[in-house]
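Structural features, examined
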There are 2 protein chains.
Amino acid sequence: MFKELESAAKDHSVALADVLSNLKFDNDGLVAAVAQEAHSKEVLMVGWMDRTAIERTLSEGYACYWSRSRQTYWRKGETSGHLQALVELRLDCDGDAILLLVEQTGPACHTNRPTCFYLTVEGESVRVTTESQ
Amino acid sequence: MFKELESAAKDHSVALADVLSNLKFDNDGLVAAVAQEAHSKEVLMVGWMDRTAIERTLSEGYACYWSRSRQTYWRKGETSGHLQALVELRLDCDGDAILLLVEQTGPACHTNRPTCFYLTVEGESVRVTTESQ
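Below or above, wherever it landed, is the structure these notes cover. Residue numbers run consecutively from 1 along every chain, following the written order of its sequence. Starting at A for chains and at 1 for ligands, labels are handed out in the order in which the entities are written. Only residues with pLDDT of 70 or above have their local features reported here, since the model is predicted, and side-chain atom pairs are shown and tallied only from 80 upward, although totals for entire chains, interfaces and linings are computed over all residues. Side-chain numbers here rest on the full set of heavy atoms in the structure, without hydrogens or water.

Helix and strand assignments come from DSSP, with helices taken as H or I runs of at least 4 residues and strands as E runs of at least 2, each series counted from the N terminus. A count of helical and extended segments in chain A gives three helices and nine strands. Reading the helices (α) and strands (β) of chain A from amino to carboxyl end gives α-β-α-β-β-α-β-β-β-β-β-β. Dimensions along the principal axes, computed over C-alpha positions, put chain A at roughly 45 × 35 × 30 Å. The contact criterion used throughout is that any non-hydrogen atoms of two residues lie within 4.5 Å. Here the analysis covers contacts within chain A between residues at least 6 apart in sequence; of these, 38% occur between residues at least 24 apart. Here, Shrake-Rupley sampling with a 1.4 Å probe gives the accessible areas, and only protein chains in the shown set may cover a residue. Carbon and sulfur atoms make up 44% of the accessible area of chain A, which amounts to about 5800 Å² in all. The convention is simple: Lys and Arg are positive, Asp and Glu are negative, and His and the chain ends are not counted. Lys charges are placed at NZ, Arg charges at CZ, Asp charges at CG and Glu charges at CD. Looking at chain A, you have 13 positive and 20 negative side-chain charges, and the mean spots of the two groups are 3 Å apart.

What follows is the structure in structure tokens.
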């Protein structure tokens, strides 16, 4: 499926159900899901999804991940209110990663920073480069 | 280490070696690495890195991943010439994902598309939304 799509022309389309059945989940049944803010283009976080999490994200319109630490589904922001409204969901060439374009309410990170990627390597140091909101 | 950094003020810094020693690698010894084009902000791909791949990326200045399919290190573009020059490397709040800001030479995807995320969900279909270059 993904191999065939490699040489497909732009605008070629296939059934979503077939694509989901051919995703390459890892040994834990998961794919990496990158959340990117649809307007600022900032990369917010990386979460994990199984097929159910992908289907919930698409049907509910809000990012729903699988929490590897808590072993449960988790609609991002369900307790904090910092929801991620889905704008677009994309899949990569080999079907083992997902890109979510989202409209993020409030900070994406549980530390109240706008992004989870707030630690920047600078030479032999790592610096906190984003303030809590 | 990462727990302590959660409440650290902006510009607080720690030693890179300590951070690398505390990364949360998965059962295969890997973390997800998202490559984002530094200027266009387009998300190009998701790869995988172990500690050696991270250290090579930092010391060589070009993205070097661990290929899960080929079980070997792989400097992105080493055969195609489509290198990813490292602009900045960031780590996420819980130390299990990496964001690479890169200057991408040529298309990032092996299908000669600018990004690996060229499959877009539209209702019950998935459409090829990016042309090969």
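Attention now goes to the relation of the copies chain B and chain A. Least-squares superposition aligns the copies on the C-alpha atoms of those residues with pLDDT at or above 70 in both. Take chain B, turn it by 180°, move it 0.0 Å along the axis, and it overlays chain A with an RMSD of 0.0 Å. Both copies of the chain, as the preceding transformation shows, are related through a two-fold rotation axis. Minimal C-alpha distance to the rotation axis in chain B is attained by Lys41(B), lying at 3.0 Å. The residues that chain B uses at the interface reappear at the interface of chain A in 100% of cases, marking a shared surface.

Moving on, we come to the interface of chain B and chain A. Buried accessible area, meaning the area lost when the parts come together, often serves as the stated size of an interface. Chain B puts 55 residues into the contact, and the matching count from chain A is 55 residues. What counts as buried area is the accessible surface, traced by a 1.4 Å probe, that two parts surrender upon association, with contributions from both included. Taking both sides of the interface into account, the surface hidden between chain B and chain A amounts to around 4600 Å²; carbon and sulfur atoms contribute 61%. Between Lys or Arg on one side and Asp or Glu on the other, a salt bridge is scored when a side-chain nitrogen of the former is within 4 Å of a carboxyl oxygen of the latter. Between the two partners, chain B and chain A, sit four salt bridges. Among the ionic pairs, Asp96(A) bridges to Arg68(B), the shortest N-O distance being 3.0 Å. Counted as a polar contact is a pair of N or O atoms within 3.5 Å, where, for protein atoms, one must be capable of donating a hydrogen and the other of accepting one, and residues adjacent in sequence contribute only when both atoms are in side chains. At the junction of chain B and chain A, the tally comes to 26 residue pairs in polar contact (both at pLDDT 80 or more). For two strands to be treated as a pair, DSSP must find at least two bridges joining them. Across three bridges, the pairing between strand S1 (residues 13–15) of chain A and strand S9 (residues 125–128) of chain B is antiparallel. Paired with Val14(A) across the two strands is Val126(B), which belongs to S9(B).

The next subject is the pairing of strand S2 (residues 31–37) of chain A. Residues and elements named next belong to chain A. Note on exposure labels: buried denotes an accessible area under 20% of the residue type's maximum, exposed denotes more than 50%, and partly exposed covers the range between, all computed with a 1.4 Å probe on protein chains only. Of all seven residues making up S2, seven are buried, and the element is well covered by its neighbours. Going residue by residue along S2, you find Val-31, Ala-33, Ala-35 and Glu-37 tucked away on one face and Ala-32, Val-34 and Gln-36 tucked away on the opposite face as well. Pairing analysis gives six bridges linking S2 to strand S7 (residues 97–104), with the strands arranged parallel. For Gln-36, the partnering residue across the bridge sits in S7 and is Leu-101.

A word on the packing of aromatic side chains. Residue and element names in this part refer to chain A. Two rings from Phe, Tyr or Trp (for Trp, the six-membered ring) form a pair when their centres sit within 6.5 Å of each other. Planes less than 30 degrees apart are called stacked, planes more than 60 degrees apart edge-to-face, and all others tilted. Per the stated rule, a full pass over the model turns up five aromatic pairs over all chains. For the pair Trp-66 and Tyr-73, a centre-to-centre distance of 4.9 Å together with 75° between the ring planes defines the contact as edge-to-face. The class for Trp-66 is buried, based on a relative accessible area of 17%.

Turning next to unusual backbone geometry. Residues and elements named next belong to chain A. We note that Lys-41 has phi near 70°; this positive angle belongs to a residue other than glycine. The topology assignment puts Lys-41 in the loop between S2 and strand S3 (43–49). Among the residues examined, Lys-41 registers a relative accessible area of 33% and is labelled partly exposed. Of note, Gln-71 is a non-glycine position whose phi angle comes to about 55°, a positive value.

What follows covers the sheet that holds strand S6 (residues 84–91) of chain A. One open sheet holds the seven strands; their spatial order is S1(A)-S9(B)-S8(B)-S6(A)-S7(A)-S2(A)-S3(A), and the pairing between them is mixed. On the outer flanks of this sheet lie S1 and S3 of chain A, each paired with one strand and no other. Taking each pair of neighbouring strands and ignoring which way they run, the sheet shows an average axis angle of 30°. Examined bridge by bridge, S6(A) and S7(A) share seven bridges and lie antiparallel to one another. When the bridges of S7(A) are listed, Leu89(A) appears paired with Leu100(A). Seen against the sheet, helix H3 (residues 51–60) of chain A touches S2, S3, S6 and S7 of chain A together with strand S8 (119–122) of chain B and runs at an angle of roughly 125° to S6(A). Axis lines are fitted to C-alpha atoms, over the contacting stretch for helices. Their N-to-C directions set the angle, which ranges from 0 to 180 degrees.

Let's shift gears to the layout of surface pockets. A water-sized probe rolled over the atoms picks out the places where empty space is left. Counted as a void, the largest pocket has a volume near 890 Å³. Forming the boundary of the largest pocket are 30 residues, of which Asp94(A), Ser67(B), Ser69(B), Trp74(B) and His110(B) lie nearest the centre. Among the secondary structure elements, those contributing two or more residues to the lining of the largest pocket are helix H1 (2–6) of chain A together with strand S3 (43–49) and strand S4 (64–67) of chain B. For this classification, Asp, Glu, Lys and Arg are treated as charged, while Ala, Val, Leu, Ile, Met, Phe, Trp, Tyr, Cys and Pro are nonpolar and the rest, including Gly, are polar. When the residues that make up the lining of the largest pocket are grouped by side-chain class, the tally is eleven nonpolar, nine polar and ten charged. Definitions used for this entry: grid spacing 1 Å over protein atoms alone; cavity, a set of points where a 1.4 Å probe fits but cannot get out; pocket, an open set with protein on both sides within 12 Å along at least 5 of 7 lines; lining residue, one with an atom within 4 Å of a point. Grid points are joined across faces, edges and corners, and a volume is the space filled by probe spheres set on the points. When its volume is computed, the second largest pocket comes out at roughly 650 Å³. Forming the boundary of the second largest pocket are 28 residues, of which Met45(A), Ser69(A), Trp74(A), His110(A) and Asp94(B) lie nearest the centre. Elements with a contribution of two residues or more to the lining of the second largest pocket: S3 and strand S4 (64–67) of chain A together with helix H1 (2–6) of chain B. At four residues, the largest contribution of residues to the lining of the second largest pocket is made by S3(A). When its residues are assigned to classes, the lining of the second largest pocket shows ten nonpolar, nine polar and nine charged.

No statement about biological role is implied by the geometric values presented.
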